[in-house]
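Fold and geometry: a report
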Amino acid sequence: MDLRIEKTERGIKNAFIELRSKKPLEKITVRELCERAYINKSTFYSHYRDIYQLSDSLEENS
């Protein structure tokens, strides 16, 4: 896998875990996740359909 993709994925996952520790899943927005991960919303959507798919992906890979 491309190093840039790995870095982006890691940033998204770390930002999600950080936000998830502070608030329920329903309250997390793509916008705030992207701000924490230093990515554009379009980058997030090129990897995941929504926050719920990201959450499911993390649960499956745990």
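Residues numbered from 1 in each chain as written. Predicted model: local features only at pLDDT ≥ 70, side-chain atom pairs only at ≥ 80, totals over all residues. Heavy atoms only, no water.

Some words on the side chain of Glu-9
Considering the arrangement of structural elements, one finds Glu-9 in helix 1 (residues 3-20). A residue is classified by how much of its surface remains accessible, and Glu-9, at 15% relative accessible area, is buried. In this structure, Glu-9 is in contact with His-47 and Tyr-48, ignoring residues within four places of it in sequence. (Helix = DSSP H or I, 4+ residues; strand = E, 2+ residues; numbered from the N terminus. Buried < 20%, exposed > 50% of the residue type's maximum accessible area, 1.4 Å probe, protein only. Contact = heavy atoms within 4.5 Å.)

Notes on the confidence of the model for the protein
Summing up the model confidence of the protein, the mean pLDDT is 95 and the portion of residues at 70 or higher is 100%. Confidence, expressed as mean pLDDT per element, reaches its minimum in the protein at helix 4 (residues 51-60) with 95 and its maximum at helix 2 (residues 30-37) with 98. (pLDDT = per-residue confidence, 0-100.)

Focus on the packing of helix 1 against helix 4
At their nearest, the axes of helix 1 and helix 4 sit 11 Å apart, and the two run at 95 degrees to each other. Relative to helix 4, the element helix 1 is oriented roughly perpendicular. From helix 1, Ile-12, Lys-13 and Phe-16 reach across to helix 4, where they touch Ile-51, Leu-54, Ser-55 and Leu-58. Taken together, the residues of the contact of helix 1 with helix 4 sort by class into 5 nonpolar, 1 polar and 1 charged. (Axes fitted to C-alpha atoms, helices over the stretch in contact; angles between N-to-C directions. Parallel < 35°, antiparallel > 145°, perpendicular 65-115°, else oblique. Nonpolar A, V, L, I, M, F, W, Y, C, P; charged D, E, K, R; others polar.)

Thoughts on the nonpolar core
With 16 residues, the main nonpolar core has Ile-12, Phe-16, Leu-33, Ile-39, Phe-44, Ile-51 and Leu-54 as its most contacted residues. Breaking this core down by element, the ones donating at least two residues are helix 1, helix 2 and helix 4. When residues no more than four places from it in sequence are discounted, the contact partners of Ile-51 are Phe-16, Leu-25, Ile-28, Thr-29, Val-30, Leu-33 and Phe-44. (Core = buried A, V, L, I, M, F, W, Y, C linked by side-chain atoms within 4.5 Å.)

Re the packing of aromatic side chains
In the structure shown here, the tally under the stated rule is 2 aromatic pairs. Ring geometry for Phe-44 and Tyr-45: centres 5.4 Å apart, planes at 80 degrees, overall edge-to-face. For the ring pair Phe-44 and Tyr-48, a centre distance of 5.8 Å and an interplane angle of 40 degrees mean the geometry is tilted. Per residue, the accessibility class of Phe-44 equals that of Tyr-48, and both read buried. What links up through ring pairs into an aromatic cluster is the set Phe-44, Tyr-45 and Tyr-48. (Phe/Tyr/Trp six-rings, centres within 6.5 Å; stacked < 30°, edge-to-face > 60°.)

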